[in-house]
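Single-letter residue listing:
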Amino acid sequence: MKNIKIVSLAACMAWMLSLMLFSSCSNDESTAVSSGPPTIESVSPSGYNLDGTMKPLTPVTLVDPKNYYVIHGKGFLSTTKVYFNDFDTYFKPVFVTDTDIVILVDEDTPYANASNKLKVVTKNGTAEFDLTVAPPVPTFSSYNLINAVEGDQVIIKGKYFLNPIVTLAKTATQPAVPVTVISSTLEQIVVKIPANANMRNLAVTNISGTATSLEAIGTALYDDKLYGMQWGGPWAGKGVNFDFGGDAYQGDKSWQWVFSAWDGGNWGFDFDMAPYKALRVAVKGAKNGQVNFSVNGGANYVIPVTTTWVYMEIPLSALGNPARVTMLTFQESNNDGGNTVLFDDLGFVLK
């Protein structure tokens, strides 16, 4: 089914101006209505930039989905179909002249293992043009293990990983560092962690842009297992499973806690907070509720619990600004008989 796009008045004016500019730059012969087969001479961006300036009519050979372009040539008045990478793309007949077509590249246009061709089909024939459709900017959903060390193989998950380049992300004081890609698909990359990667984020780049991990390497307290725990446990002595494989926000497993009413537990650690500004956690419950959370026995911070995964970053200022973390306390506080809560991606956020 064709997806009809609604356009703004400002965009329409830009498109029409684009057509007028092309027409004014053409000679009498080129602006005459063509009766022969169509030809494509160029493809240029159409519309406005984010800063409000009009996009220049500069020919390109790479187009971005969800953006408008002017197909320039001749013989287009009887156009019946336009294809990007063999994907049937809707066009508005009102934005077709003999020499130009203004068209939106559909967000569902295939970009991998594609023909890299633009085709305009008219009643008088078909024109083809070499053109690459860029993938969307990559999305970085997770990687595992977060506490990886040099030589470890790590799995990155996300989307739009077309010919990905992976690096330790650039910081204010450190340059980007290449990371070896062992294998990749459009939704998963396996990499080998280089030396000196601790406290660095991972970044994935394709031809459209870059996505960076939320978590820095080596900052996990829980990532398929609990790190650095020195002592502790649930008050009731039951209900905790650090190896729960039924659901996870990050990696393959989560920490499942079957809370009875007002049950909880204490866990002992010893972490210096100097590099960090917040504590992170992802939470999901069998039902809506809440969990009281505190650091080093301080004031409670209420973590809301819903039936879908929710990632949150809790500023250390909301937890008493601890210089070190020596104890974490969790307590179910629904006041309705208990809950089953999953915890994942527990760790720290760098300054």
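As shown above, the structure is provided for reference.
The numbers attached to residues start from 1 for each chain and follow its sequence in the written order. Only residues with pLDDT of 70 or above have their local features reported here, since the model is predicted, and side-chain atom pairs are shown and tallied only from 80 upward, although totals for entire chains, interfaces and linings are computed over all residues. Side-chain numbers come from the whole structure's heavy atoms, not from hydrogens or water.

### Comments concerning the overall build of the chain
Stated formally: Helical segments are the DSSP runs of H or I of at least four residues, strand segments are the runs of E of at least two, and each set is numbered from the N terminus. Both definitions apply: the radius of gyration is a C-alpha atom measure, and the globule rule equals 2.2 Å times residues to the power 0.38. Working definition: with a 1.4 Å probe on protein chains only, accessible area under 20% of the residue-type maximum means buried, over 50% means exposed, and in between means partly exposed. Contact between two residues is taken to exist if any of their heavy atoms lie within 4.5 Å; hydrogens are not considered. Note on areas: Shrake-Rupley with a 1.4 Å probe; residue coverage comes only from the protein chains shown. We count Lys and Arg on the positive side and Asp and Glu on the negative side, and we leave His and both chain ends out. Lysine's charge is taken at NZ, arginine's at CZ, aspartate's at CG and glutamate's at CD.
What the chain contains, in helices and strands, is two helices and 27 strands. Taken over the C-alpha trace, the chain has a radius of gyration of 27 Å; the compact-globule value for 351 residues is 20 Å, which it surpasses by more than 25%. In terms of overall dimensions, the chain has a C-alpha envelope of 85 × 45 × 35 Å along the principal axes. Within the chain, the proportion of its 351 residues that are buried is 44%. Summarising the internal contacts of the chain: among those between residues at least 6 apart in sequence, 70% fall at separations of at least 24. Of the accessible surface of the chain, which amounts to about 16,800 Å², a share of 54% is contributed by carbon and sulfur atoms. Measuring between centres, the 24 positive side-chain charges of the chain sit 1 Å from its 31 negative side-chain charges.

### Thoughts on the side chain of N206
Quick note on the threshold: Throughout this description, a polar contact denotes any pair of N or O atoms lying within 3.5 Å of each other; where both atoms belong to protein, one of them has to be capable of donating a hydrogen while the other can accept it, and for residues adjacent in sequence the pair is counted only when both atoms sit in side chains.
By the secondary structure assignment, N206 is in strand β15 (residues 201-206). For N206, a relative accessible area of 7% puts it in the buried group. Engagement of the side chain of N206 in a polar contact is seen with the backbone oxygen of Y160, the distance being 2.9 Å. Those residues within four positions of N206 in sequence are excluded, and the remaining contacts are P135, P136, V137, P138, Y160 and L162.

### Quick notes on the sheet that holds strand β8 (residues 125-130)
Where we set the bar: A pair of strands counts as paired when DSSP detects no fewer than two bridges linking them.
The sheet built from four strands is open, its strands ordered β5-β4-β7-β8 with antiparallel pairing. Each edge of the sheet is formed by a strand with only one pairing partner; in this case those strands are β5 (87-88) and β8. Two elements, strand β4 (residues 79-84) and strand β7 (residues 117-122), share five bridges in a ladder whose sense is antiparallel. Directly across from F84, in β7, lies its bridge partner L118.

### Concerning the pattern of salt bridges
Oppositely charged side chains may form a pair once their charged atoms are brought near each other. The cut-off we apply is this: For this analysis, a salt bridge means a side-chain nitrogen from Lys or Arg found within 4 Å of a carboxyl oxygen belonging to Asp or Glu.
Taken as a whole and judged by the stated rule, the model has nine salt bridges. The closest approach of N and O atoms between K253 and D243, which form a salt bridge, is 2.6 Å. Of this pair, K253 sits in the loop between β19 (240-244) and β20 (254-260) while D243 is found in strand β19, placing the two residues 10 residues apart along the sequence. The closest approach of N and O atoms between D345 and R280, which form a salt bridge, is 3.0 Å. With a gap of 65 residues between them, D345 in strand β27 (residues 338-350) and R280 in strand β22 (residues 276-285) connect regions that are remote in the sequence.

### With respect to the packing of aromatic side chains
Definition in use: Aromatic pairing here means that ring centres of Phe, Tyr or Trp (its six-membered ring) are within 6.5 Å. Orientation follows from the plane angle: under 30 degrees is stacked, over 60 is edge-to-face, and everything else is tilted.
Counted under the stated rule, the structure contains 22 aromatic pairs. Centre to centre, the rings of F242 and W267 are 5.4 Å apart; their planes meet at 75°, and the pair counts as edge-to-face. Linking F242 in strand β19 with W267 in strand β21 (residues 264-272), this pair joins segments that are 25 residues apart in sequence. With a relative accessible area of 24%, F242 lands in the partly exposed category.

### Topic: the nonpolar core
Most often, soluble globular proteins keep nonpolar side chains buried together rather than apart. Selection rule: The set of buried Ala, Val, Leu, Ile, Met, Phe, Trp, Tyr and Cys residues whose side-chain atoms join them within 4.5 Å is what this entry labels a nonpolar core.
Judged by nonpolar contacts, the single largest core of 29 residues is most densely connected at W255, V283, F293, L328, F330, F343 and L346. Ranked by size, the runner-up nonpolar core spans 20 residues in total, among them Y143, V191, L202 and Y227.

### Quick look at the sheet that holds strand β26 (residues 324-332)
The criterion, for reference: Where helices are involved, their axes are fitted lines through C-alpha atoms of the stretch in contact, as for all axes, and angles between N-to-C directions lie from 0 to 180°.
Spatially, β18-β21-β26-β23-β24 is the arrangement adopted by the five strands of the open sheet, whose pairing is antiparallel. Edge positions in the sheet fall to β18 (231-234) and β24 (301-305), since each of these pairs with one other strand and no more. Strand-to-strand twist of the sheet, defined as the mean angle between neighbouring strand axes without regard to direction, takes the value 25°. Relative to β26, β21 is paired through seven bridges, and the arrangement is antiparallel. Looking across to β26, one finds that G264 is bridged to Q331.

### Examining the environment of D98
Mapped onto the elements, D98 comes out in the loop between β5 and β6 (100-104). On the accessibility criterion, D98 (6% relative accessible area) is buried.

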